[in-house]
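Read off the chains here:
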Amino acid sequence: MIETIKGGHGFSYIEAPLPPGGEVITESGAMASMDDGIEMRTKLNGGFFSGLLMKFLGNESLFINRFSNPSNSQKTIILTQNTPGQICIAELKDETLFIQPGSFIAATKTVKFGLRWAGFASWIGGEGLFRIKISGSGLVWYGAYGAVVEKEINGEYLVDTGHLLSYPKTIDLKFQLSGGIFSSFFGGEGFLLRLEGKGKVLLQARSLGGLAGWLNPRFWG
């Protein structure tokens, strides 16, 4: 599958050709349009209990869709994400990647995904109790809110909560206050993520939590 990501960084979408017999697994609602002849099957996201965990703890859908091309000619499917922003593609070669809950868009059928416990510190810091774990060999697409910033880590690096999009298993996460107690809670930064290890991480330029904090006073003020 040779996909093309179009639309610019602000409103990316995936144009994915499906060869005869080709398949792609997508998040529920990710399909924007497709050629006639592509078949769609809906199934629970990893089984009943796994699907419930992915929905309520991983911020993903209870169901996933499998699009396949049973014809003898190439078909094309267009995939999008719910939030405006850049779409990333990762090619895994017997590797593991952790992505932000709610960011999964699509994957080839050769990869597996589930949840990994992130800890109570992650929950207190606004990152949730779990992270999405993608493993195996194949392609996975996931979306950011805003533009994506790549950063090579070799040692330690600090990231504001809500901005870490993906990281490899060679990176460990810890949480800390951004400064002293007064500065942390009245300076608008609160908790920070401390990344430790070596590898490439992707950061998103915008935060949904920041957007919610900006909108709420305008709705209820």
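The structure under discussion appears in the preceding block.
Residues numbered from 1 in each chain as written. Predicted model: local features only at pLDDT ≥ 70, side-chain atom pairs only at ≥ 80, totals over all residues. Heavy atoms only, no water.

(A) Structural context of the nonpolar core. Counting 16 residues, the largest nonpolar core has Ile99, Ile134, Tyr142 and Leu165 as its most contacted members. Counting only elements with at least two residues in this core, the list comes to strand S8 (87-99), strand S9 (104-107) and strand S11 (130-143). Membership of the second largest hydrophobic core comes to 14 residues, among which are Ala16, Leu18, Val24 and Ile105. (Core = buried A, V, L, I, M, F, W, Y, C linked by side-chain atoms within 4.5 Å. Buried < 20%, exposed > 50% of the residue type's maximum accessible area, 1.4 Å probe, protein only. Helix = DSSP H or I, 4+ residues; strand = E, 2+ residues; numbered from the N terminus.)

(B) The environment of Ser71, seen in detail. Here Ser71 shows up in the loop between strand S6 (63-68) and strand S7 (75-79). Under the relative-accessibility criterion, Ser71 is labelled partly exposed at 22%. In this structure, the C-alpha to C-alpha distance between Ser71 and Gly37, residues 34 residues apart in sequence, is 7.0 Å. Leave out the neighbours within four places in its chain, and Ser71 touches Pro20 and Gly21. Side chain to side chain, Ser71 and Asn69 meet in a polar contact 2.6 Å long. (Contact = heavy atoms within 4.5 Å. Polar contact = N/O pair within 3.5 Å; in protein donor to acceptor, adjacent residues only side chain to side chain.)

(C) Representation of the layout of surface pockets in the model. One number sums up the size of the second largest pocket: a volume of about 360 Å³. Together, 21 residues line the second largest pocket, and Ala90, Leu92, Leu97, Tyr142 and Lys200 are the ones closest to its centre. Mapped by element, the contributors of at least two residues to the lining of the second largest pocket are S8, strand S12 (148-160), strand S13 (164-168) and strand S15 (191-204). No other element matches the nine residues that S8 contributes to the lining of the second largest pocket. Of the residues in the lining of the second largest pocket, the class split is 11 nonpolar, four polar and six charged. (1 Å grid on protein atoms, 1.4 Å probe; cavity = no way out; pocket = protein on both sides within 12 Å on 5 of 7 lines; lining within 4 Å. Points joined across faces, edges and corners; volume = space filled by probe spheres on them. Nonpolar A, V, L, I, M, F, W, Y, C, P; charged D, E, K, R; others polar.)

On their own, these measurements won't tell you what the molecule is for.
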